[in-house]
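Structural features, examined
This is what each chain is made of:
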Amino acid sequence: MSESVEIVLGLGGEVVTYHPFGGVPKTFRAIIDRVPAPIQDGGTFQYALNTLSVTFPRDATNGMASVQPRKDRISFKRNLSDADVTMFAVQKILQEDAGMTPADGGMFVVQVTA
């Protein structure tokens with residue numbers, strides 16, 4: 001198991017299902033950053049942006065080896081108290097790293113919207 005997978009498990013990663021475009025859905029653990037929605041100024045009105053960031057291993061077995069922004073989707077509970085999962089679209093890769101050691105695949109941080 002790579003270090004990135006161990007980090008996500010150690011931080012209490014939640015179960016998510018990743019739906020790669022044209023591929024088979026895959027379930028693994030990820031860290032979901034549920035910060036309050038930033039406010040966007042729309043001129044005469046303001047609205048909350050419905051975006052979250054999700055961190056998961058760049059790992060072919062316990063994560064994803066590649067990400068296709070604006071094509072892939074990911075599902076998880078929007079709020080921890082939700083009974084059902086919500087499907088989110090992967091909008092962009094915020095960060096991708098190669099890991100600290102050759103055995104570590106690194107991490108993806110993606111921005112998702114409902």
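Since this is a predicted model, take the numbers as computed values, not measurements. (Residues numbered from 1 in each chain as written. Predicted model: local features only at pLDDT ≥ 70, side-chain atom pairs only at ≥ 80, totals over all residues. Heavy atoms only, no water.)

1. Focus: the overall build of the protein chain
This is how the line gets drawn: Strands are runs of DSSP state E lasting at least two residues, helices are runs of H or I lasting at least four, and both sets are numbered from the N terminus onward. When a residue's accessible area, from a 1.4 Å probe over protein chains only, is under 20% of the maximum for its type it is buried; when over 50% it is exposed; and in between it is partly exposed. Pairs of residues are marked as contacts when any of their non-hydrogen atoms sit within 4.5 Å. Where accessible areas are quoted, they stem from the Shrake-Rupley method and a 1.4 Å probe; at the residue level, only the protein chains shown are allowed to cover.
The helix and strand inventory of the protein chain stands at one helix and eight strands. By residue count, 33% of the 114 residues in the protein chain fall in the buried class. Considering only contacts in the protein chain between residues 6 or more positions apart, those separated by 24 or more positions represent 50%. For the protein chain, the accessible area works out to roughly 6700 Å², and carbon and sulfur atoms hold 54% of it.

2. Description of the pairing of strand E8 (residues 107-113)
As a reminder of what qualifies: Here the rule is simple: two strands pair whenever DSSP picks up at least two bridges between them.
Most of E8 sits inside the fold, with six of its seven residues counted as buried. Sheet topology places strand E7 (residues 86-96) next to E8; six bridges connect them, and they run antiparallel. The residue of E8 that forms the bridge with Glu 96 is Phe 108.

3. A short note on the packing of aromatic side chains
Put simply, the test is: Only centres within 6.5 Å qualify two rings of Phe, Tyr or Trp (six-membered ring in Trp) as a pair; their planes then separate them into stacked at under 30 degrees, edge-to-face at over 60, and tilted for everything else.
Inspection of every chain in the model, using the stated rule, returns five aromatic pairs. Considering the side-chain rings of Phe 56 and Phe 108, the 5.7 Å spacing of their centres and the 40 degrees angle between planes classify their relative orientation as tilted. Within this pair, whereas Phe 56 is found in strand E5 (residues 51-57), its partner Phe 108 is found in strand E8, the two being separated by 52 residues in sequence. We classify Phe 56 as buried; its relative accessible area is 0%. What links up through ring pairs into an aromatic cluster is the set Tyr 18, Phe 28, Phe 56 and Phe 108.

4. A short note on the environment of Met 87
With respect to the helices and strands, the residue Met 87 is situated in strand E7. Overall, the relative accessible area of 34% leaves Met 87 in the partly exposed class. In this structure, the C-alpha to C-alpha distance between Met 87 and Arg 73, residues 14 residues apart in sequence, is 6.8 Å. If near-sequence neighbours (up to four positions away) are discounted, Met 87 is found in contact with His 19, Arg 73, Ile 74, Ser 75 and Ala 114.

5. A short note on the sheet that holds strand E1 (residues 14-19)
The condition is simple: Note on method: axes are straight lines fitted to C-alpha atoms, helices fitted across the in-contact stretch only, with angles between N-to-C directions ranging 0 to 180 degrees.
In spatial order, the strands read E1-E2-E5-E8-E7-E6; together these six strands close into a barrel with antiparallel pairing. Across the sheet, the axes of successive neighbouring strands diverge by a mean angle of 45 degrees, strand direction being ignored. Pairing geometry for E1 and strand E6 (residues 73-76), over three bridges, is antiparallel. Residue pairing in the sheet places Tyr 18 in a bridge with Ile 74 of E6. The strands that helix H1 (residues 3-10) touches are strand E2 (26-33), E5 and E8; relative to E2, the one it contacts most, it runs at about 60 degrees.

6. Overview of H1
For the record, the criterion: The arc under discussion is defined with respect to the helix axis, by the directions toward the C-beta atoms.
Within the sequence span of H1, burial applies to Ser 4, Val 5 and Val 8. Around the axis of H1, the buried residues are gathered within 100 degrees of arc, so they sit on the same side. For H1, the elements touching its buried residues are E2, E5 and E8. Directly beyond the C-terminal end of H1, a positive phi value near 80 degrees is found at Gly 12.

In short, the description is geometric, and any link to function would need to be established separately.
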